[in-house]
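Notes for the structure review
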Amino acid sequence: MRSYPAIRSSSLFHHRIFSRFRHTLSPMANSTEDSLRRALSDKQSTIDARGNAIRQLKSSGASKSEIDDAVKALNALKLEKTSIENQLKASTSGDTNGSVMSRDAFRQAVVNTLERRLFYIPSFKIYRGVAGLYDYGPPGCAVKSNVLAFWRQHFVLEEDMLEVDCPCVTPEAVLKASGHVDKFTDLMVKDEKTGNCYRADHLLKDYCEDKPELKHVLAILDDLSAEQIGAKIKEYGIVAPDTKNHLSDPYPFNLMFQTQIGPSGASTGYMRPETAQGIFVNFRDLYYYNGNKLPFAAAQIGQAFRNEISPRQGLLRVREFTLAEIEHFVDPDDKSHPKYIEVSSLEFLMFPRDEQMSGQNAKKLCLGDAVSKGIVNNQTLAYFIGRVYLFLTRLGIDEKRLRFRQHLPNEMAHYAADCWDAEIESSYGWIECVGIADRSAYDLRAHTDKSGVALVAQEKFAEPKEVEKLVITPVKKELGLAFKGNQKMVVEALEAMNEKEAFDMKAALETQGEVQFEVCTLQKTVTIKKNMVSISKEKKKEHQRVFTPSVIEPSFGIGRIIYCLYEHSFYTRPSKGGDEQLNISRSLTAAGISNKKDITGTSIGKRYARTDELGVPFAVTVDSTSSVTIRERDSKDQIRVNVDEVAAVIKEVSEGRCTWADILQKYPAHSSVSADE
């Protein structure tokens, strides 16, 4: 009997090999999607030109009828653009016969293959499963292990980061300080008859998404209060999707899993919703470990837990998931980066907030230009945006389906300097997979205030310096009388002002006696009077500067990245008989050879098909005691080599030291017509 070891890798492909394993669509699907994208771009250019023309008509005093006609034509163009967007949204993936598959059908083909071949499956299946929980099978574990190994190599090792591993169970005090206990909520509605729960904003978003006349609601969705969302749900007659029953009014639901630490039940804890807090609370020790020097970065890979109201979209929205997070601590007065020049010339799709708010599309920008124009706030943030781009594309994400979207003002925390999301296009649309945020000094200050331990850094001066320091002193008694339970948030907002904001307020208070002041955490504007705050500058001689570092945080949703990787690596091809399709997922494992023997009694062709579907790049068939046949998955070409050469040949190709084309020139081709039929 001929034994059939199928060679599988245990580490990621080398960059040069990645380019051979990109998402493959049928020629028809490729051309259709490309033409739609070109049409959309052309239509947007026309809309922009017509918009400029209308502005010129208005400024030149054109007649009302002329302006109305131009506006009518512009609206017609916008409707055409919406139609193209809808076609592109339903863009297809296909097979090599040119047959076209809808997004839903494509997604189902991917999921069926992944679950059937045990990449991942719903957890506790024999007990009917639990929504939002999944198990990774053997090939899924291999892929996940490889992705994490590459993440460590790309970030932890190459950037000389300090890796930590902190507990999943977190005391309440830590998450109270971070704001998660009070604010880590989503708005929930209940089916009034069955009690089934749904995320209120998701129901409203789903209802509005396919209705052009309600696009304005999507634009302000994140700004709506619970009462406003509830009013919209009633206005549009939105009901429970499963039963069509009426829904309750929306109310906040905290997404953390609560537990008790110890048998007495006296100490409340939570399963961590992110890994970052473990790094923040260890800042002082990590700073000392790093020789009391900035900048430095700490990294952590681990499980996080969020009690999602209505998990959906498979691996994209789950209740337990793997995060890989980096906290890069930097001097707030110097956010330059010594390696910024290495990424400054990168060009990729970026979606700045101005383009979003003016209805434009993402466009290719040079990262260096984005920094120089002030689109990206600083070099360190830009450096990590560039490194994330390189990580994802080297991993195998299609660069044409990857964009970096800047947070809109209504998405930004009041303390954040700038935030961007790496979004990957999948059959579900654009999915946020990595968040890269300049969180300012908020986190360390919050833990300093609550713990009483100063989480600060020092810069020692060679000579004493006379410095002017901004001093903002909220008068807590007056603020307490005016704002009662909201006093703390008003105080925090006052203390967070920069120098310009503070002295603008001081000038207004001196001339007017009071000033309107926006408190983001309250989502409203309050009146600050002269007796509520003191603002001044003081001169002091200092031997060192003590400051709270800012934090640049790239946060990676590993499960989301892996799922998008599966979609970008998936294609179908017909069998030679042409009577069936073989669902193929292109695996991401190669180099560092592991192997599995297939000694089943099925035909060689069926064994090839089985390993192809798993993504195994090479199959080795033992012909005799001295020779073997190596078959390459994508071309299905075969060569015959000596037994003692097989490991070296496969390792060379897997590690990118040569290509399969090079191997074909070196070794004699071997033909076996029936093997793949």
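These numbers were taken from a predicted model, which means no experiment stands behind them.

What about the overall build of the chain?
Check the secondary structure of the chain and you find 23 helices and 30 strands. Counting only residues that meet the buried cut, the chain has 49% of its 677 residues in that class. Long-range contacts, defined here as pairs at least 24 residues apart, represent 69% of the contacts in the chain between residues at least 6 apart. For the chain, the computed accessible surface area is about 33300 Å², with 50% contributed by carbon and sulfur atoms.

Overview of unusual backbone geometry
Cis geometry is adopted by the peptide bond preceding P295, which originates at L294 and carries an omega value of -5 degrees. With respect to the helices and strands, P295 occurs in the loop between α12 (283-289) and β13 (296-305). At Q313, a position not held by glycine, the phi torsion is positive, near 65 degrees. By the element assignment, Q313 lies in the loop between β13 and β14 (320-330).

Some points on the pairing of β14
Most of β14 is tucked away: ten of the eleven residues are buried. In terms of strand pairing, β13 meets β14 through ten bridges, oriented antiparallel. Within β14, the residue paired with A304 across the bridge is F321. As judged from the six bridges shared by β14 and strand β24 (residues 550-557), these two strands associate in the antiparallel manner. Bridging across to β24, F329 finds its partner in V551.

A short note on the sheet that holds strand β7 (residues 169-171)
What the three strands build is an open sheet, ordered β7-β12-β11; its pairing is antiparallel. Where the open sheet ends on each side, the last strands, each with one partner, are β7 and β11 (258-261). Each neighbouring strand pair of the sheet contributes to a mean axis angle of 45 degrees, computed without reference to strand direction. Of the strand pairs in this sheet, β11 and strand β12 (residues 267-271) are connected by four bridges, and their pairing is antiparallel. Among the inter-strand pairings, I261 is bridged to a residue of β12, identified as S267.

Here we look at the pattern of salt bridges
With the rule as written, the count across this model stands at 33 salt bridges. Between R107 and D104 there is a salt bridge, with its nearest N and O atoms 3.2 Å apart. Linking R107 with D104, this pair stays in helix α4 (residues 103-116), spanning three residues, or about one helical turn. Judged by its relative accessible area of 51%, D104 is exposed. The partner of K537 in a salt bridge is E499, with the nearest N and O atoms 2.7 Å apart. Of this pair, K537 sits in strand β23 (residues 533-547) while E499 sits in helix α19 (residues 499-512); the two residues are 38 residues apart in sequence, bridging distant segments of the chain. Judged by relative accessible area, K537 falls into the partly exposed class, the value being 33%. Among the charged side chains, a network of salt bridges with common partners joins R403, R405, E411, D421 and E423.

Considering the confidence of the model for the chain
Confidence along the chain averages 84 in pLDDT terms, with 86% of residues attaining 70 or more. When the elements of the chain are averaged for pLDDT, helix α1 (residues 15-18) gives the smallest value, 27, and strand β6 (residues 162-163) the largest, 98. Across residues 1-31, where pLDDT falls below 50, the model places 121 contacts with residues more than four positions away in sequence or in other chains. Within the model, the stretch residues 91-100 combines pLDDT values under 50 with 30 contacts to residues more than four positions away or in other chains.

Remarks on the pairing of β13
The element β13 is extensively covered by neighbouring structure, given that nine of its ten residues are classed as buried. Bridge count for β6 against β13 is two bridges, and the pairing is parallel. Bridge pairing in β13 places L162 opposite A298.

Conventions used here
- Residues numbered from 1 in each chain as written.
- Predicted model: local features only at pLDDT ≥ 70, side-chain atom pairs only at ≥ 80, totals over all residues.
- Heavy atoms only, no water.
- Helix = DSSP H or I, 4+ residues; strand = E, 2+ residues; numbered from the N terminus.
- Buried < 20%, exposed > 50% of the residue type's maximum accessible area, 1.4 Å probe, protein only.
- Contact = heavy atoms within 4.5 Å.
- Areas by Shrake-Rupley, 256 points an atom, 1.4 Å probe, with all protein chains shown as cover.
- Pairing = 2+ DSSP bridges.
- Axes fitted to C-alpha atoms, helices over the stretch in contact; angles between N-to-C directions.
- Salt bridge = Lys/Arg side-chain N within 4 Å of Asp/Glu carboxyl O.
- pLDDT = per-residue confidence, 0-100.

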